[in-house]
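Observations on the model geometry
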Amino acid sequence: MKKLHALINELETKIPHSEKTNTTVSNGSVGWHIHHSLLVGLNIIQAVEKSDHSNYKWKFNISKALVYTLNKIPRGKAKAPESVQPKEQLGAAEMKQYIEQLKTRLPVLETLHPNNYFKHPYFGNLNVKATIKMLKLHTRHHIGIINDIIRD
């Protein structure tokens with residue numbers, strides 16, 4: 001969980017660049033990627049928290065196995081669900097509020113039954129341990145995109 005907190009802190013350091021864009025890297029601005037990452041984290045925590053652990057079923061998923069083994073999400077291969085696509089640009093103060101909210105909510109994952117879960121659109125059901133790993137991979141993926149936008 002410390003690594004996930006560190007990634008959230010790193011995401012926070014990118015807020016001053018939120019207006020920056022580079023369409024050769026991504027159609028989204030730095031702010032869009034930050035906002036998206038925060039929406040994903042908050043929505044997933046809520047879904048895992050509301051789930052019934054007795055309904056969790058593990059099933060092999062080749063996409064998940066590949067991504068989790070390589071420890072990297074490939075770029076441009078998937079589209080984010082509507083529910084986590086930012087509709088408006090947040091200001092710096094709003095982004096900081098979302099970040100604080102996410103930091104406050106993250107420890108909830110550690111209090112849940114290990115088989116609480118959420119249904120990932122590509123990877124299927126992810127229990128708490130797999131969810132935490134996915135959140136790390138996803139946040140690192142978007143930080144990489146953000147760094148490329150800022151660099152160019």
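Anyway, here's the lowdown on the structure attached to this text. (Residues numbered from 1 in each chain as written. Predicted model: local features only at pLDDT ≥ 70, side-chain atom pairs only at ≥ 80, totals over all residues. Heavy atoms only, no water.)

1. Describing the packing of aromatic side chains
For the coordinates displayed, the defined rule picks out two aromatic pairs. Between the aromatic rings of Tyr56 and Tyr117, the centroid separation amounts to 5.8 Å while the plane-to-plane angle is 50 degrees, which identifies the pairing as tilted. Taken as a pair, Tyr56 in the loop between α2 (30-50) and α3 (62-70) and Tyr117 in strand β1 (residues 117-120) lie far apart in primary sequence, 61 residues in all. Residue classification places Tyr56 among the buried residues on the basis of a relative accessible area of 13%. (Phe/Tyr/Trp six-rings, centres within 6.5 Å; stacked < 30°, edge-to-face > 60°. Helix = DSSP H or I, 4+ residues; strand = E, 2+ residues; numbered from the N terminus. Buried < 20%, exposed > 50% of the residue type's maximum accessible area, 1.4 Å probe, protein only.)

2. Let's talk about the layout of surface pockets
By volume, the largest pocket amounts to about 1100 Å³. Around the largest pocket sit 39 residues that line it, and His36, Ala78, Lys79, Ala80 and His142 are the ones nearest its centre. Those elements giving two or more residues to the lining of the largest pocket turn out to be α2, α3, β1 and α6 (128-151). (1 Å grid on protein atoms, 1.4 Å probe; cavity = no way out; pocket = protein on both sides within 12 Å on 5 of 7 lines; lining within 4 Å. Points joined across faces, edges and corners; volume = space filled by probe spheres on them.)

3. A few points about the side chain of Lys103
By secondary structure assignment, the location of Lys103 is in helix α4 (residues 92-105). A polar atom in the side chain of Lys103 sits 3.0 Å from the side chain of Glu12. The contact partners of Lys103, leaving out residues within four places of it in the chain, are His5, Ile8, Asn9 and Glu12. (Polar contact = N/O pair within 3.5 Å; in protein donor to acceptor, adjacent residues only side chain to side chain. Contact = heavy atoms within 4.5 Å.)

4. Quick notes on the pattern of salt bridges
For the coordinates displayed, the defined rule picks out six salt bridges. Residues Glu100 and Lys103 are paired through a salt bridge, measuring 3.6 Å at the closest nitrogen-oxygen approach. Of the two residues, Glu100 and Lys103 are both situated in helix α4; the distance of three residues between them amounts to about one turn of the helix. Put simply, Glu12, Glu100 and Lys103 are held in one network by salt bridges that share partners. (Salt bridge = Lys/Arg side-chain N within 4 Å of Asp/Glu carboxyl O.)

5. Focus: empty space enclosed by the protein
Under the counting rule described, the total for this entry stands at one cavity of 30 Å³ or more. Here the largest cavity defines a volume of roughly 60 Å³. Together, Leu4, Ile8, Leu11, Ser37, Leu38, Gly41, Leu102, Leu106, Leu135 and Thr139 line the largest cavity. Elements with a minimum of two residues in the lining of the largest cavity: α1 (2-13), α2 and α6. Within the lining of the largest cavity, the residues separate by chemical class into seven nonpolar, three polar and no charged. (Nonpolar A, V, L, I, M, F, W, Y, C, P; charged D, E, K, R; others polar.)

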